[in-house]
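Structural description and commentary
Listed here are the chains, written in short residue letters.
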Amino acid sequence: QLSEEEKIQRYSILSELYERIGFHRKSAFFKRIAAMQCAAPSIPEPGWRACYKLLLETLPGYSLSLDPQDFSKGTHRGWAAVQMRLLHELVYASRRMGNPALCVRHLSFLLQTMLDFLSDQEKKDVTQSLESYTTKCPGTMEVITLPDGLKLPPVPFTKLPIVKSVKLLNLPTSLRPHKMKSLLGQNVSTKSPFIYSPIIAHSRGEERNKKIDFQWVQGDVCEVQLMVYNPMPFELRVENMGLLTTGVEFESLPAALSLPAESGLYPVTLVGVPQTTGQITVNGYHTSVFGVFSDCLLDNLPGVKTNGCTVEVIPALPRVQISTSLPRSAHTLQPSSGDEISTNVSVQLYNGETQQLIIKLENIGTEPLEKLEVTAKTVNTKEKLYGDFLSWNLEDTLCQFPLKPGKIATFIVNIKVKLDFSCQENLLQDLSDDGISVSGLPLSSPFRQVVKPRVETKPLNPQESSKVGDFSHVKTLEAILNFKYSGGPGHAEGYYRNLALGLHVEVEPSVFFTRISTLPATSTRQCHLLLDVFNSTEHELTISARNNEDLILHAGECQRMAIQVDKFNFESFPESPTDGAQLANAKQLEEERQQARGLEINSKLDICWKIISLKREGEASVEGVLNQLVLEHLQLAPLQW
């Protein structure tokens, strides 16, 4: 009967012989038996260290190594069932040696490299064992060095969860930095003039080194989106997941997530704040799963898709938040440029009314707000507007600058709606139904009639009905106010931010001028302007003109207004060119002349309406009503006597 030492010696020599003739797996088989003998139950003091050392020597024979990198590429080599058995034995030997760090390292290796071969029950058992060990000794990214100098590399959990893609996200539209256009053309494109260059095409393969065409801003929260999935048959809790970066000082703000069992692709957003400027590269991410801390580098993840991992961080810019005196709107404007609108507000006005829109600009960033430019653009409107729809005085706001962080500046915009006040002939056909010739009425005639739109004659087609004109037809005006602002170090580098405010105005009709005509006055320098005014609101309304008494109109009522006016000496405009090349120009000139005359007449008349019950008032413009005949009657004769 052989003693245990002799058995160990015999198996070791057998193993060595098989090793010499190239039977590596057979050699490993006998070396493993020798290792088991070292810890046989019959030995009073089992030699777990010797057992562990011999087990490590069997690894190459079973196509195993201690480096998880060897298992990340290509197909799996060796018999997985035997390899798992051996790894379990290494874990057990480490535990008996009293080295929990080794247990954690070998179990992590087993879970990372053999995940595809573990049954659902085995996955649960291995993770439970791992969690029980990591309570005593958490898994780290340190290299473990054994007494004999052998090094055990760290095992990052790149499969818990599995990451399929990494995408660096642009900042929200309102926070994106824009570069000011250089007047001297310094920002001339440095791209190649050739349509195709093999050198450029070849370098496209270097996906990870690709630079992204947007920028991040120092001090602002930046986002990276990962598409991940959980291969485990149970819920996977990932603690402390954050970004690994180089190039710029970066404060990563870790997240904790819980992925459902075999979740399928799941988006996870990791955030952080760049503290300095320059190029930043996202190299990977770190996690803590089952008590094991992992640094997962993208270079070691062959299947990951990315849109490039290097982005430029520009100097800090202020951040502005807008609040207004108007309620938020349900209508979202879609600007043609593709810019998003951060806030949409709406207001309901009567035609001719003016309202103030008070905008509060709050500096919610850390940099002072030094520059502000405001522009407005009317969108999606076919209506003809008279006068300025939106007007403001920027100086009043700029005198509050530079605006320190946390402070608020006020900006006031005047919304003035002046649409056409004219009304088509057939809209009020009821007026002349009684046979009265409206244009021939003497001044003293009391002309008063309540008009009800003919419901029964309304066409079914909505397009047609709007042509005829519906009294209650609400018209819509939409505009976008753009705030271009800058400050701080970003301003010095030529960057700014853009904030857009959408404005939705519903214009209800107030009064209509249904007819206009003139009558001569006693003086040749004066004449009477006759206006038929129709109240299209549901409220009593008073209408007044300069030097005239107020006229009261009930809802849906029409009255004639006579205004004595001095005739106008219209300033001479350049004569219309006659040659054909400038015909279009002549037409435009004629329109401008007409517009100027209308403006002059309107300012003299100063017609205003007031709805006392609602405390609302506005002006009524005759600009769209004036025809050529009326203009001629209102013009001062070139000769006087």
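Residues numbered from 1 in each chain as written. Predicted model: local features only at pLDDT ≥ 70, side-chain atom pairs only at ≥ 80, totals over all residues. Heavy atoms only, no water.

By the naming in an unreviewed UniProt entry, the chain goes by TPPC9 protein and is assigned to Ifrita kowaldi.

**Description of the side chain of E89**
By secondary structure assignment, the location of E89 is in helix α4 (residues 80-96). A distance of 2.6 Å separates polar atoms of two side chains, one belonging to E89 and the other to R32. When residues no more than four places from it in sequence are discounted, the contact partners of E89 are R32, M36 and L55. (Helix = DSSP H or I, 4+ residues; strand = E, 2+ residues; numbered from the N terminus. Polar contact = N/O pair within 3.5 Å; in protein donor to acceptor, adjacent residues only side chain to side chain. Contact = heavy atoms within 4.5 Å.)

**Focus on the nonpolar core**
Judged by nonpolar contacts, the single largest core of 85 residues is most densely connected at Y52, L111, W216, L226 and F290. Mapped onto the domain boundaries, this core takes at least three residues apiece from domain 1 (4-152) and domain 2 (162-180 + 212-314). The residues contacting L111, other than those within four sequence positions of it, are L118, V126, T127, L130, F157, L160, M232 and F290. (Core = buried A, V, L, I, M, F, W, Y, C linked by side-chain atoms within 4.5 Å. Buried < 20%, exposed > 50% of the residue type's maximum accessible area, 1.4 Å probe, protein only. Domains from an automatic or database assignment.)

**Examining the sheet that holds strand β10 (residues 266-274)**
Spatially, the five strands line up as an open sheet ordered β8-β10-β6-β3-β13, and their pairing is mixed. Lying at the two open borders of the sheet, with one neighbouring strand each, are β8 (250-253) and β13 (305-306). Judged from the four bridges that link them, β8 and β10 form a sheet pairing that is antiparallel. Each bridged residue has a counterpart across the sheet, and for E251 the counterpart in β10 is V273. (Pairing = 2+ DSSP bridges.)

**As for the pattern of salt bridges**
Under the defined criterion, the tally for this structure stands at twelve salt bridges. One salt bridge connects E619 with K418, and the closest N-O pair in it is separated by 3.4 Å. Highlighted residues: E619 in strand β30 (residues 616-619) and K418 in the loop between β20 (408-416) and β21 (448-450), separated in sequence by 201 residues. A salt bridge links E617 to K610; the nearest nitrogen and oxygen atoms lie 3.9 Å apart. By sharing partners, the salt bridges in this structure join K31, K53 and E57 into a single network. (Salt bridge = Lys/Arg side-chain N within 4 Å of Asp/Glu carboxyl O.)

**Structural notes on the packing of aromatic side chains**
Summed over the entire model, instances satisfying the criterion amount to nine aromatic pairs. Ring centres of Y18 and F23 lie 6.1 Å apart, and the angle between their planes is 25 degrees; this geometry places the pair in the stacked category. Cluster of aromatic residues (ring-pair linked, three or more members): Y18, F23, F29 and F30. When the ring centre of W79 is taken as origin, the NZ or CZ atom of R25, which lies over that ring, is 3.9 Å away. (Phe/Tyr/Trp six-rings, centres within 6.5 Å; stacked < 30°, edge-to-face > 60°. Lys NZ or Arg CZ within 6 Å of the ring centre and 35° of its normal.)

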